[in-house]
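What follows is each chain in one-letter form.
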Amino acid sequence: MQALTNRAKPVDRRPMTFMEKIYLPAIAKGMGITLKHIFQKKETVRYPEQKRPFSPVFRGLHVLNRDAEGRENCTACGLCAVACPAEAITMEAAERKPGEENLYREEKYAARYEINMLRCIFCGFCEEACPKDAIYLTETFAPAHYKREGFIYGKKDLLVPMPGEKK
Ligand code: SF4
Ligand code: SF4
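Just so you know, these numbers come straight off a predicted model, no measurement behind them.

Peer 1: Please explain the overall build of the chain as it appears in this structure.
Peer 2: Regarding its fold elements, the chain presents six helices and five strands. Against the compact-globule benchmark of 15 Å for 167 residues, the chain has a radius of gyration of 27 Å, which places it well outside the compact range. Summarising its shape, the C-alpha atoms of the chain cover approximately 90 × 40 × 30 Å along the three principal directions. Nonlocal contacts in the chain, meaning residues at least 24 apart in sequence, comprise 68% of its contacts between residues at least 6 apart. Measuring between centres, the 28 positive side-chain charges of the chain sit 14 Å from its 22 negative side-chain charges.

Peer 1: Before we go on, may I ask you to explain the environment of Ile135 in this structure?
Peer 2: Tracing the sequence through the fold places Ile135 in strand β4 (residues 135-137). Residues Ile135 and Val45, 90 residues apart in the sequence, show an inter-C-alpha distance of 32 Å. The contacts of Ile135, once residues within four sequence positions are left out, are His62, Val63, Leu64, Tyr113, Ile115, Cys126, Glu127 and Cys130.

Peer 1: What exactly am I supposed to notice about the UniProt feature "binding site: [4Fe-4S] cluster 2" (unreviewed entry) in the chain here?
Peer 2: Feature annotation in UniProt places "binding site: [4Fe-4S] cluster 2" (unreviewed entry) on Cys84, Cys120, Cys123 and Cys126, given in this structure's numbering. With the annotated positions falling across 43 residues, the maximum pairwise C-alpha distance of 10.4 Å places them together in a single cluster. Secondary-structure assignment places Cys120 in the loop between β3 (108-116) and α5 (125-129). In this structure Cys120 comes out as buried when scored by relative accessible area, which is 14%. Excluding residues within four positions of it along the chain, Cys120 makes contact with His62 and Ala88. Locating Cys126 in the fold gives a position in helix α5. Filtering out sequence-adjacent residues up to four positions away, Cys126 remains in contact with His62, Cys80, Ile89, Ile135 and Leu137.

Peer 1: Could you clarify how one ought to interpret the site of ligand 1 in this entry?
Peer 2: As a structural note, the neighbourhood of ligand 1 is formed by 13 residues, with Cys84, Cys120, Cys123, Gly124 and Cys126 the closest of them. Taken together, the residues of the shell around ligand 1 sort by class into eleven nonpolar, two polar and no charged.

Peer 1: So what exactly am I meant to see when it comes to the packing of aromatic side chains here?
Peer 2: The description of an aromatic ring pair rests on the distance of the ring centres and on the angle between the ring planes. Counted under the stated rule, the structure contains four aromatic pairs. Ring geometry for Phe54 versus Phe58: centroids 4.2 Å apart, planes at 25°, classification stacked. By relative accessible area, Phe54 is classed as partly exposed at 33%. Judged by centre distance (3.6 Å) and plane angle (0°), the rings of Tyr104 and Tyr109 are stacked.

Procedures and definitions
Residues numbered from 1 in each chain as written. Chains lettered and ligands numbered in written order. Predicted model: local features only at pLDDT ≥ 70, side-chain atom pairs only at ≥ 80, totals over all residues. Heavy atoms only, no water. Helix = DSSP H or I, 4+ residues; strand = E, 2+ residues; numbered from the N terminus. Rg over C-alpha atoms; globule rule 2.2 N^0.38 Å. Contact = heavy atoms within 4.5 Å. Lys, Arg positive; Asp, Glu negative; His and termini not counted. Charge placed at Lys NZ, Arg CZ, Asp CG, Glu CD. UniProt positions renumbered as here; feature names shortened; annotations may be inferred. Buried < 20%, exposed > 50% of the residue type's maximum accessible area, 1.4 Å probe, protein only. Near = heavy atom within 4 Å. Nonpolar A, V, L, I, M, F, W, Y, C, P; charged D, E, K, R; others polar. Phe/Tyr/Trp six-rings, centres within 6.5 Å; stacked < 30°, edge-to-face > 60°.

Structure (structure tokens):
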């Protein structure tokens, strides 16, 4: 819209001078600008080898926490899904069976827990809504994928691994 309202700069149609025809002054001027920038403080970083520090309020990928005994904190209450403005969280609750007390903290647990990172706006409302300190947003951001399915994070991707367990 701005381009339509601004009057375009008139085209310079005068014949080129000898100095303009040999291009050397223009090349030297360009090299001068390049040299000037070589010695200036760089605004860019060599990512991914070099990373900028995150802001203290940065919110990245989610994790599902375990308690001190390694049991899943999440009790599938659904409050995080209700609080999510992007409807990015999907879950299915299940009842704990006898003998599973070392896996799940309470009688109910999330048999399925998924976050669609393409929908998520990393607002942190799920973390705030959780009464069990089960879900946290970390300082890791979602890596790139070639397919949409790669952005659907299931429970195995989100759960904090047990000590010695590899993801
Ligand atoms: S961070 Fe916000 S958008 Fe993302 S899952 Fe949590 S509540 Fe939903
Ligand atoms: S993560 Fe928290 S709020 Fe969400 S279902 Fe589990 S216990 Fe409830």
